[in-house]
Amino acid sequence: LHRVDRRQRQMCIRDRLCSCRRDQSLYHILLRALSNYGGVQAMLGNTLYTSCQDPHFTLFCTHSAPRADNTKGVLVFDENFKNAGSFPLSQGLIPVLESNNKKAVSRLKDTSHIAITCGTGLRDTLSIASLDDMRATISLQRELTSINGDAYEPHDFIAHLSQKTDVYPLLAVCGTLLLCGIKPEDGYYI
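Asks: Help me out: how do you make sense of the pairing of strand 6 (residues 93-98) in this one?
Replies: When a strand is regular, its side chains alternate between the sheet's two faces. For strand 6, the tally of buried residues reaches six of six residues, placing the bulk of the element in the interior. What you see with strand 6 is no split at all: Leu93, Pro95 and Leu97 on one side and Ile94, Val96 and Glu98 on the other are buried throughout. Two strands pair when backbone bridges link them, and strand 5 (residues 73-77) and strand 6 are joined in this way by four bridges, in the parallel orientation. Along strand 6, the bridge assignment pairs Gly73 with Leu93. Summarising the sheet, strand 6 and strand 7 (residues 116-118) pair through three bridges and their orientation is parallel. Paired with Leu97 across the two strands is Thr117, which belongs to strand 7.

Asks: Hey, could you run me through the confidence of the model for the protein chain in this one?
Replies: Confidence along the protein chain averages 82 in pLDDT terms, with 79% of residues attaining 70 or more. Low confidence marks residues 1-21, where pLDDT is under 50. Its contacts with residues over four positions away, or in another chain, come to 83 contacts.

Asks: Before we go on, may I ask you to explain the environment of Val76 in this structure?
Replies: Here Val76 lies in strand 5. For Val76, a relative accessible area of 2% corresponds to the buried category. A C-alpha to C-alpha distance of 8.3 Å links Val76 and Ile94, two positions 18 residues apart in sequence.

Asks: How should helix 4 (residues 167-179) be read in this particular structure?
Replies: Owing to its 3.6 residues per turn, the α-helix brings residues three or four apart onto one side. Taking 1.5 Å of rise per residue, 13 residues should cover 18 Å, and helix 4 covers 18 Å from first to last C-alpha, within 8% of that figure. Counting buried residues in helix 4 gives twelve out of 13 residues, a clear majority hidden from the surface. In the segment just after helix 4, Gly181 is the residue with positive phi, at about 85°.

Asks: Is there a simple way to explain the side chain of Ser127 in this structure?
Replies: Positionally, Ser127 belongs in strand 8 (residues 126-131). A polar contact of 3.0 Å, which involves the side chain of Ser127, links it to the backbone oxygen of Gly119. Those residues in contact with Ser127 that lie beyond four places of it in its chain are Gly119, Thr120, Gly121, Thr137, Ile138, Ser139, Gln141 and Leu171.

Asks: Help me understand the nonpolar core, please; the structure alone is not making it clear to me.
Replies: One recurring pattern in soluble globular proteins is that nonpolar side chains are buried together. Formed by 42 residues in total, the largest nonpolar core has its most connected members in Val96, Leu126, Ile138, Tyr188 and Ile190. With nine residues, helix 4 is the single largest residue contributor to this core. In contact with Ile138, other than residues within four places in its own chain, are Leu126, Ser127, Ile128, His155, Asp156, Phe157, Ala159, Leu170, Leu171 and Cys174. Counting eight residues, the second-largest nonpolar core is a separate cluster that includes Phe77, Leu93, Leu97 and Ala115.

Asks: Please clarify how the pattern of salt bridges should be interpreted in this entry.
Replies: Any two side chains of opposite charge can pair, given that their charged atoms come close. With the rule as written, the count across this model stands at one salt bridge. With its nearest N and O atoms 3.6 Å apart, the salt bridge here joins Asp150 to Lys183. Note that Asp150 is positioned in the loop between strand 10 (144-145) and strand 11 (151-152) and Lys183 in the loop between helix 4 and strand 13 (188-189), a separation of 33 residues in sequence. A residue is classified by how much of its surface remains accessible, and Lys183, at 43% relative accessible area, is partly exposed.

Asks: Could you clarify how one ought to interpret the packing of aromatic side chains in this entry?
Replies: What the rule picks out here adds up to two aromatic pairs. On the numbers, 6.0 Å between centres and 85° between planes, the contact of Tyr37 with Tyr188 is edge-to-face. Of this pair, Tyr37 sits in the loop between helix 2 (25-35) and strand 2 (40-44) while Tyr188 is found in strand 13, placing the two residues 151 residues apart along the sequence. Judged by relative accessible area, Tyr37 falls into the buried class, the value being 16%.

Asks: Quick question: what am I supposed to make of the environment of Ile128 here?
Replies: As for its placement among the helices and strands, Ile128 is situated in strand 8. Taking C-alpha positions, Ile128 is 9.4 Å from Tyr168, a pair spaced 40 residues apart along the chain. Setting aside residues no more than four positions away along its own chain, Ile128 makes contact with Gly119, Thr137, Ile138, Val167, Leu170 and Leu171.

Thresholds applied
Residues numbered from 1 in each chain as written. Predicted model: local features only at pLDDT ≥ 70, side-chain atom pairs only at ≥ 80, totals over all residues. Heavy atoms only, no water. Buried < 20%, exposed > 50% of the residue type's maximum accessible area, 1.4 Å probe, protein only. Helix = DSSP H or I, 4+ residues; strand = E, 2+ residues; numbered from the N terminus. Pairing = 2+ DSSP bridges. pLDDT = per-residue confidence, 0-100. Contact = heavy atoms within 4.5 Å. Expected span 1.5 Å × (residues − 1). Polar contact = N/O pair within 3.5 Å; in protein donor to acceptor, adjacent residues only side chain to side chain. Core = buried A, V, L, I, M, F, W, Y, C linked by side-chain atoms within 4.5 Å. Salt bridge = Lys/Arg side-chain N within 4 Å of Asp/Glu carboxyl O. Phe/Tyr/Trp six-rings, centres within 6.5 Å; stacked < 30°, edge-to-face > 60°.

Following this line, the structure appears as structure tokens:
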């Protein structure tokens, strides 16, 4: 998932969401957040949604790992991803996953990608420092480089919540926004 200029927008897939969850809650949280940061065009099943006339992001929900050559973006694994084994992954895709998602870890173990892990452990890239119904403090626990090359040093930032949100979807959305180069200086609105 990343922003591209208008010329590039027609030429590449900018966002992939790999999900097997039946309620698609992660998809809907990503959709809501991306709508706040430049707009999103999203596809779920046979339904195409566009939040504005000229969206910066494209979001796909798929039940299998995408085959993508030379595509830059973010590949977000749903916490209930079920496929095991390894698969070829475009060097331009950065995986985001829950750290205890053993199936997704298994899929990625033979790749050279550094995954953005989300959870409550000290080794996770993103973790929760505090959480209530309307606000969360997110900890970036290691250096992260966005798709555009922006570097983020470890720090805490705020996520303002419009509704109660589970930990992994919240962290996955924050990781996605960071990877897209959206700076969290004023906090994220999710």
